[in-house]
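As a plain string of letters, each chain reads:
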Amino acid sequence: MRILVQKFGGTSLAAEEARAWAVHHVKQALDGEFRVVVVVSAMGRKGAPYATDTLLGLIEPGSAPPREVDLLLSCGEIISAVTFAALLRGQGVQAVALTGGQAGILTEGEFGSAPILRVKPGRIRKELEQGRVVVVAGFQGQTEDGEITTLGRGGSDTTATALGAALDAERVDIFTDVEGIMTADPRIVENARRLRRATYTEICNLAYQGAKVIHPRAVEIAMRKNIPVRVRATMSDDEGTLVTHLGSGERLEGRDPGDRLVTGITQTAHITQVKVKQSSGLPPVHREVFQAMARSGISVDFINVGPDGLRFTVTESDAQRAGEILRKLNVEAELVPRCAKVSVVGAGIAGVPGVMARIVDALAEEGIDILQSADSHTTIWCLVREEHMKRAVCALHRRFALDQVSR
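Residues numbered from 1 in each chain as written. Predicted model: local features only at pLDDT ≥ 70, side-chain atom pairs only at ≥ 80, totals over all residues. Heavy atoms only, no water.

Draft legend 1. Representation of the sheet that holds strand E6 (residues 133–137) within the structure. Across the sheet, 8 strands lie side by side as E3-E6-E2-E1-E9-E11-E12-E10; this open sheet has mixed pairing. Each edge of the open sheet carries a strand with a single partner, namely strand E3 (95–98) and strand E10 (197–199). Each strand of the sheet is rotated relative to its neighbour by a mean of 20 degrees, with strand direction disregarded. With 4 bridges joining them, strand E2 (residues 35–40) and E6 adopt parallel strand pairing. Residue valine 39 lies in a different strand from E6, and its bridge partner there is valine 136. Across the sheet, helix H4 (residues 66–90) is in contact with E2, E3 and E6; its angle to E6 comes to roughly 160 degrees. Each of strand E1 (3–8), E2, E6, strand E9 (171–176) and strand E11 (229–233) is contacted by helix H6 (residues 155–166), which is oriented at about 155 degrees to E2, the strand it contacts most. (Pairing = 2+ DSSP bridges. Helix = DSSP H or I, 4+ residues; strand = E, 2+ residues; numbered from the N terminus. Axes fitted to C-alpha atoms, helices over the stretch in contact; angles between N-to-C directions. Contact = heavy atoms within 4.5 Å.)

Draft legend 2. Highlighting the nonpolar core. By size, the foremost hydrophobic cluster in this structure holds 65 residues, and its most contacted members are Val37, Ile124, Leu163, Ile359, Leu396 and Phe400. When near neighbours in sequence (up to four residues on either side) are disregarded, valine 37 contacts Ile3, Leu4, Val5, Gln6, Ile124, Leu128, Val134, Val136, Leu163 and Leu167. The next biggest cluster of nonpolar side chains, apart from the first, holds 22 residues, and it includes Ala29, Phe34, Phe84 and Ala95. (Core = buried A, V, L, I, M, F, W, Y, C linked by side-chain atoms within 4.5 Å. Buried < 20%, exposed > 50% of the residue type's maximum accessible area, 1.4 Å probe, protein only.)

Draft legend 3. Seen up close, the layout of surface pockets. Taken as a whole, the second largest pocket spans an internal volume of roughly 260 Å³. Lining the second largest pocket are 16 residues, and of these Ile116, Thr158, Ala162, Ile221 and Arg224 sit closest to its centre. Among the elements of the structure, strand E5 (116–119), H6 and helix H8 (216–225) are those that each provide at least two residues to the lining of the second largest pocket. For the lining of the second largest pocket, a count of residues per class yields 10 nonpolar, 1 polar and 5 charged. (1 Å grid on protein atoms, 1.4 Å probe; cavity = no way out; pocket = protein on both sides within 12 Å on 5 of 7 lines; lining within 4 Å. Points joined across faces, edges and corners; volume = space filled by probe spheres on them. Nonpolar A, V, L, I, M, F, W, Y, C, P; charged D, E, K, R; others polar.)

Draft legend 4. Molecular detail of the pattern of salt bridges. Evaluated as defined, the whole model comprises 21 salt bridges. Residues arginine 67 and glutamate 68 are paired through a salt bridge, measuring 4.0 Å at the closest nitrogen-oxygen approach. Residues joined by salt bridges that share partners form a network here, namely Arg67, Glu68 and Glu147. (Salt bridge = Lys/Arg side-chain N within 4 Å of Asp/Glu carboxyl O.)

Draft legend 5. The arrangement of the packing of helix H7 (residues 200–208) against H8 in detail. Where H7 meets H8, the closest approach of the two axes is 9 Å, and the angle between their N-to-C directions is 165 degrees. Regarding the angle of H7 to H8, the classification is roughly antiparallel. When you trace H7 past H8, the crossing you get is left-handed. Every residue of H8 that contacts H7 at Tyr200, Thr201, Ile203, Cys204, Ala207 and Tyr208 is listed here: Pro216, Val219, Glu220, Ala222 and Met223. In the contact of H7 with H8, the residues fall into 9 nonpolar, 1 polar and 1 charged. (Parallel < 35°, antiparallel > 145°, perpendicular 65-115°, else oblique. Left-handed = near helix turned anticlockwise from the far one by under 90°.)

Draft legend 6. The arrangement of the sheet that holds strand E15 (residues 309–315) in detail. Spatially, the 6 strands line up as an open sheet ordered E14-E15-E13-E16-E18-E17, and their pairing is antiparallel. Among the strands making up the open sheet, the edge pair consists of strand E14 (301–306) and strand E17 (372–375). In this sheet, neighbouring strand axes are inclined to one another by 30 degrees on average, regardless of whether the strands run parallel or antiparallel. Pairing of strand E16 (residues 332–345) with strand E18 (residues 379–385), which is carried by 7 bridges, proceeds in the antiparallel orientation. Each residue of the ladder has a partner; that of serine 343, found in E18, is tryptophan 381.

Draft legend 7. Structural context of the environment of serine 296. Topologically, serine 296 is positioned in the loop between helix H9 (286–295) and E14. It is 8.4 Å that separates the C-alpha atoms of serine 296 and arginine 321, two residues lying 25 residues apart in sequence. Once you skip the residues sitting within four places of it in the chain, serine 296 turns out to touch Arg321 and Ile325.

Draft legend 8. Seen up close, H4. Counted at 1.5 Å a residue, the expected span for H4 with its 25 residues is 36 Å, and the 37 Å between its end C-alpha atoms agrees. The sharpest bend along H4 comes to roughly 25 degrees, located at cysteine 75. Of all the residues in H4, the buried ones are Val69, Asp70, Leu72, Leu73, Ser74, Gly76, Glu77, Ser80, Ala81, Phe84, Ala85 and Leu88. (Expected span 1.5 Å × (residues − 1). Bend = angle between axes of the 7 residues up to and from the residue.)

If you want it as structure tokens, here you go:
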């Protein structure tokens, strides 16, 4: 069977017009002789009757154990699956709705963010062989002993690519409210361009650094099985952005692969920088500081360690606790609030001289100070003041000519 997995997010199912487009995409795939598996999120966003945040608001924080919270939150996707399957049948398409557990998604028992152990797609294959579209409730699975679990942030994306991998799907289509993956956030950069094609690694890095279109965990699952992923707009027939491995001799955006230095610019706001000074003649404080943060469940990022001290960042919501921990440790520290991380991502960065020089030059021309920086094979990060974040993103987008990427 030629199998296509289609995932529709909450905004793709929230309104009648969007649902009609979703049905159109399913029918189009069937006309292309695909057997179709649809993964759905809960309908709408916060405030909508069955949205995940709305369901969570029905109970007081801490009033239910994690097991029962997952039981509650799973209802939104189940409602969505049943109603969408009914909508398909009303349009003459044979369809059946399944929960995540019924679809064969087995997870560990970590309620709230359960890792997938394996997928047993036998039930889905039987339904597909009988000519039905299988509509699966995303964001959820089931433990070996039958407990319902949720998969955490990006769970429906993860459901889609996990099923795609288990079924050896020809492709996974992620439908959303934007036209594909952009070179920057279009709310910040007016002339941000849509990428026609990008590699798994590039999109993972963009997602980890703040781009919200697809969850990086979902991309990693697809990458392991080399399942192509296409990110598309629900209310359009445009093919969006194709995410895949770049094979030998293939071309990216109409150029040789090595010619595209930078793929995109992204950003993460609401960060606090922590600067810890190492006092001369005293034992290093690095180990003590990081162990204390770990014990308190504070995730640290953007880490620079040196003989004169260390620098790292925490989220704004963890900053007060981090400061209290440092005071108890009696270390000399400064917290710099209202920072943002701006990231330059591109598979072509590795080994190319002058990239950092261009970044520094672009920000200097805007009078933007770099508070801290770091790099990897595909990403260069700069920490700036939050008030400078938008100007920094725009300046870097211009400097690397991302407005010239062909649509």
